[in-house]
Structures are given as structure tokens and as C-alpha cells.
Amino acid sequence: MANIKSAKKRIKVTETRTARNKAMKSAVKTSIKKVEAAVAAKDKEAAETALKAAVSKISKAAAKGVYHKNNAGRKISHLTKAVNNIA
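Note that the structure is a prediction, hence the values are computed from the model and not measured. (Residues numbered from 1 in each chain as written. Predicted model: local features only at pLDDT ≥ 70, side-chain atom pairs only at ≥ 80, totals over all residues. Heavy atoms only, no water.)

1. Some words on the overall build of the protein chain
Piece 1. Scanning the protein chain from N- to C-terminus turns up 3 helices and 0 strands.
Piece 2. Secondary structure of the protein chain in N-to-C order comes out as α-α-α.
Piece 3. Principal axes of the C-alpha set define a box for the protein chain whose edges measure 60 × 20 × 15 Å.
Piece 4. Contacts in the protein chain between residues far apart in sequence, at least 24 positions, make up 61% of those at least 6 positions apart.
Piece 5. Taking the average place of the 22 positive charges on the side chains of the protein chain and the average place of its 5 negative ones, the gap between the two points comes to 16 Å. (Helix = DSSP H or I, 4+ residues; strand = E, 2+ residues; numbered from the N terminus. Contact = heavy atoms within 4.5 Å. Lys, Arg positive; Asp, Glu negative; His and termini not counted. Charge placed at Lys NZ, Arg CZ, Asp CG, Glu CD.)

Here it is in C-alpha cells:
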């Protein structure tokens, strides 16, 4: 355990950020699963609604630095392509 005051603060700040990042990543994964489930069920309307929510969550995560912008773009691209390919 750290003895120096600034080191103790860094530990607290890191724990807070880790928790926030973990929650955000979990929310993104859940929204992606909802889109994929709607695509699998071939429900275009539900897929488009879920896609809109997922894109929002992914973009916010990228803006906060949880995901790299290229990673976020790739996720959005894959989901959009899947939704657009529903017959």
C-alpha cells in the first residue's frame, strides 16, 4: 500500500476511472448484443432502433477515451452493415 498522499490519491482516481470504463464497456457490449439479436431475428425496425442507441453509446465511449476512435468506427460500421443487409 502506498504511503505518499499523492500516490494514495492516484490509486483512488484509478479505481474510479476503472469502474466508469468497465460500466461503459459493458453498456456498449449489451447494446451491440441487442442489435445482433434483432438482426438474427430479421426484425429491421427493431434493429434500426437498437442501432441508433448502440451508435450513441459507442460514440460517447470513444469521446471519453474508453475506445479508440478507429475501434469505435469499426464497431459502428459492422453493426450498420449488418442492419442494412436485412432483407
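2. Some remarks on helix H2 (residues 44-64)
Piece 1. For H2, built from 21 residues, the straight-helix expectation of 30 Å at 1.5 Å per residue is met to within 8% by its first-to-last C-alpha distance of 30 Å.
Piece 2. Its buried side turned inward, H2 meets helix H1 (5-40) and helix H3 (69-84).
Piece 3. In the stretch just after H2, Gly65 is the one whose phi turns positive, near 90°. (Expected span 1.5 Å × (residues − 1).)

3. What about the pattern of salt bridges?
Two side chains with opposite charge may pair up if their charged atoms get near one another.
Piece 1. The tally for this structure, following the rule as stated, stands at 1 salt bridge.
Piece 2. Taking the shortest distance from any N to any O, the salt bridge between Glu48 and Lys44 comes out at 4.0 Å. Here the residue Glu48 and the residue Lys44 both occupy positions in helix H2, the gap between them amounting to 4 residues, near one helical turn. (Salt bridge = Lys/Arg side-chain N within 4 Å of Asp/Glu carboxyl O.)

4. Some points on the packing of H1 against H3
A pair of packed helices is captured by two measures, namely the crossing angle of their axes and the spacing between those axes.
Piece 1. At a minimum axis distance of 10 Å, the contact between H1 and H3 shows a crossing angle of 20°. Accordingly, the angle class assigned to the pair H1 and H3 is roughly parallel. In this structure, the crossing between H1 and H3 has a hand that is left-handed. In this structure, H1 contributes Ile32, Val35, Glu36 and Val39 to the contact, and H3 contributes Lys75, Leu79, Ala82 and Val83.
Piece 2. Residues of the contact of H1 with H3, tallied by class, amount to 6 nonpolar, no polar and 2 charged. (Axes fitted to C-alpha atoms, helices over the stretch in contact; angles between N-to-C directions. Parallel < 35°, antiparallel > 145°, perpendicular 65-115°, else oblique. Left-handed = near helix turned anticlockwise from the far one by under 90°. Nonpolar A, V, L, I, M, F, W, Y, C, P; charged D, E, K, R; others polar.)

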